[in-house]
Amino acid sequence: MRWRADGTLEYAGRGDDQVKIRGFRIELGEIESVLSSHPSVAQSVVVAREDRPGVKRLAAYLVTDGDEAPEMDALREHVASALPEYMVPAAFVVLDALPLNANGKLDRRALPAPEFASADAAYVAPRTESERLLCGVWAEVLGLERVGIEDNFFDLGGDSIISLQVVSRARRAGLALSSRDVFLHPTISTLAAGLTEADQGSDDAGPAQQGIVSGPVAPTPVREWYFDTHPVAPEHFNMSTAFQLPEDVDLDALRIAVGALLSQHDALRSTFTRTAEGTWTGHITSALDVDSVFTVHELAGDLGGAANGDADADADAGADADADAQWRALVIRTQSGLDLEHGPLFRVVVGVPCGGGGPARLLITAHHLVIDGVSWRILLSDLATAYDQAVSVAATDLGPKSTSVRAWADRFTTHVRDGGFGGQLEYWRSVTSAADTRLPMDTPDGGNKVVDQAAVMAYLDVDDTHALLHQVPGRFRTQINDVLLAALARTLRTWTGHDRVAVNLEGHGREELFDDIDLTRTVGWFTSIYPVALELPETDDWPATMRSVKRQLRTVPDRGVGYGALRYLSGELAGDPDPRISFNYLGQFGIGGTGSAAGTGSTGGGTEAGAADRGLLSTSLATDGQEHGPQQERNHLIDVVAVVDEGRFVVTWFYSTAVHREPTVTALAEDFIAGLRSVSRG
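Calculation criteria
Residues numbered from 1 in each chain as written. Predicted model: local features only at pLDDT ≥ 70, side-chain atom pairs only at ≥ 80, totals over all residues. Heavy atoms only, no water. Core = buried A, V, L, I, M, F, W, Y, C linked by side-chain atoms within 4.5 Å. Buried < 20%, exposed > 50% of the residue type's maximum accessible area, 1.4 Å probe, protein only. Helix = DSSP H or I, 4+ residues; strand = E, 2+ residues; numbered from the N terminus. Pairing = 2+ DSSP bridges. Patch = residues over 30% accessible without salt bridge, like charges linked within 9 Å, V, L, I, M, F, W, Y side chains within 5 Å. Areas by Shrake-Rupley, 256 points an atom, 1.4 Å probe, with all protein chains shown as cover. Salt bridge = Lys/Arg side-chain N within 4 Å of Asp/Glu carboxyl O. Lys, Arg positive; Asp, Glu negative; His and termini not counted. Charge placed at Lys NZ, Arg CZ, Asp CG, Glu CD. Axes fitted to C-alpha atoms, helices over the stretch in contact; angles between N-to-C directions. Contact = heavy atoms within 4.5 Å. Polar contact = N/O pair within 3.5 Å; in protein donor to acceptor, adjacent residues only side chain to side chain. pLDDT = per-residue confidence, 0-100. Parallel < 35°, antiparallel > 145°, perpendicular 65-115°, else oblique. Left-handed = near helix turned anticlockwise from the far one by under 90°.

Moving on: the nonpolar core. Counting residues in each nonpolar core, the largest one holds 75 residues, and the members touching the most others are F583, Y585, F649, V651, W653, F672 and L676. Within the second largest apolar cluster, 53 residues are counted, among which are F237, V249, F272 and L338.

Within strand 17 (residues 528–535), seven of the eight residues are buried, which leaves it mostly tucked inside the rest of the structure. As defined by bridge partners, strand 16 (residues 500–507) adjoins strand 17 across eight bridges and the pair is classed as antiparallel. By the bridge assignment for strand 17, A502 is matched with A533.

This part covers a negative patch on the surface. On the surface, E247, D248, D250 and D252 cluster together to form a negatively charged patch. Summarising the element assignment, E247 is placed in the loop between strand 9 (238–244) and helix 9 (251–264). A relative accessible area of 72% means that E247 is categorised as exposed.

The three strands are arranged 8-11-10 in an open sheet whose pairing can be described as antiparallel. The open sheet is flanked by strand 8 (215–217) and strand 10 (270–274), the only strands paired with a single partner. Here the strands of the sheet are splayed against their neighbours by 35 degrees on average, with no regard to which way each runs. Packing against the sheet, helix 13 (residues 405–417) makes contact with strand 8 and strand 11 (280–284), and its axis sits at approximately 50 degrees to strand 8.

Another aspect to go through is the environment of H636. Along the chain, H636 turns up in the loop between strand 19 (620–621) and strand 20 (638–645). Expressed as a C-alpha distance, the spacing of H636 and I581, which sit 55 residues apart in the sequence, is 5.3 Å. Contacts of H636, omitting those with residues within four sequence positions, involve N448, N504, P579, R580, I581 and S582. In this structure the side chain of H636 is engaged in a polar contact, spanning 2.9 Å, whose partner is the side chain of D639.

A few words now on the confidence of the model for the protein. Any region with low pLDDT has predicted coordinates that should not be read closely. Summarising the model, the protein shows a mean pLDDT of 83, and 85% of its residues fall at 70 or more. Confidence drops under pLDDT 50 across residues 117–121; counting only partners more than four residues distant or on other chains, this segment forms seven contacts. The model gives residues 302–315 a pLDDT under 50, and that stretch makes 19 contacts with residues more than four places away or in other chains.

Viewed as axis vectors pointing N to C, helix 2 (residues 28–36) and helix 3 (residues 72–80) meet at an angle of 120 degrees, and their least axial separation amounts to 9 Å. Here helix 2 is positioned oblique relative to helix 3, judged by the angle of their axes. Like other packed secondary-structure pairs, helix 2 and helix 3 cross with a definite hand, here right-handed. Contact residues: I31, V34 and L35 in helix 2; L75, H78 and V79 in helix 3.

Shown next, in the form of structure tokens:
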């Protein structure tokens, strides 16, 4: 080994420079390079010490550049800003000089034993009020009995969507956090340490407008993408979910709760008008009649009555069939009857069996222009809360609003106009220029309309899903999205024969671009759609694949939100070639009261933690409707939608039967699942 120019030690082989701690494989040279980039550090060396049998920890030894030693907290933050939490040394030791032996090499035995803060333990209880609050929030949204302050968010199954729920609940508890904070400090001990007294009880995002928000809404990337790609029946594109209501449901209280949603979430009062030039404008109205949104309908027959004898059973079966048919017709009529220009674009429909026998059914549907997957968690949680309040005290209070869609759209379009994403042009042009956007087709001349769409589903069992979420990310020092895309890239390479295939990804789009914007509890459509072209290494081993995919995904600027801005708002990427396959990971449902993804279609649904375990929304149903206009052209040949539902990883491959045969898509789905099963079992 020898000293590098940057003050770190260069090792002759990888063996000396690589260690494994807490299941993570760590390159010590990476940490040393980051440390030596600090202006106060002249030389650094990082070693893995085992001062207690079975307990390995990272210790950093430094020689300072000057008379004044750097603050240890500043050094720790410096490393954490560039590297994952598990690569941050547990101790920092400042030396006058690094000890060398007679040959000029580092004398590891002469390095003094550092003072570590505490011993590693399987569970470390919270010590402060902030840590206690954060442990409670993490446990609730992750569906865990308890969380320790040294537990890693991503090892517990956390992802970007869940981080938004953490931020939302932490802020309501008086702790000002951002999802960026959660990614930078994935343990509660480090996350809470970054909270200052000024943070607590305040919100960095500033006050949102708390009254009724109304007026014109500036164009947004996903809105312009929608109208550009859905010319046939733009009014018919919704997201829906359905529930069986409790037998003692109070419909008057439910109506009050729906009114509370219309006041709390301004986007639900949106309308859209086509101009003479063929473009579309958005507007939020100041008021919306709750009775145009909330309607109750009688259905013939008993929807769930017990049979008494064969004759009664036959009669009940016939009545149930009639009620089912009427309900499905009502669902389709509601979904296809939304009016973009006049509204409402949000409907809450109850089907009550004639004569009051059996449980009622609830349909909640909204045009996609006013809602997305994250919004469902917020909306259904608020509906359950408002209903409980209306039943108990005949009044509702859903707490403070976060930033409105209107305020965010204004800020975003100004950012685009000022060239805020201009520096990303070269990156985005490089993504599709070298990638193949074509896919093999069984029937190249076949149609690709919604009416032709079919789906193939595949699953991981509970044990493999648990390993996928809780063991694989830690083993490869990565996140669940990286793992899923690595497996997808392998499947596509086998199918297409190309090492680099372009895929459209969907993200939640609520990136923290502006310090005074908070979207954690805002209902609206923020989805970002952007292309990636993952190039796989020549070797087929999983570690090399994960490193390659992770490295490429980390280069995506602002998690993809700039692509839509440059293509649909500024027009600088207009005409960019479109990938023919998309991938969307909707996150986890059925944990911590997050409900089920059943019945939500390809676009997802579910509830925020704590909502679905309440009586009103405790029993989800399949929607069995028609979320898209049948004659609308599909945006991709294949859409891959993944979700963790009730503890199982479920992936659905949507395709056109006029383009691909079912065995082709089934083989793709099974190959993808086989890859995930392989990496989960290690």
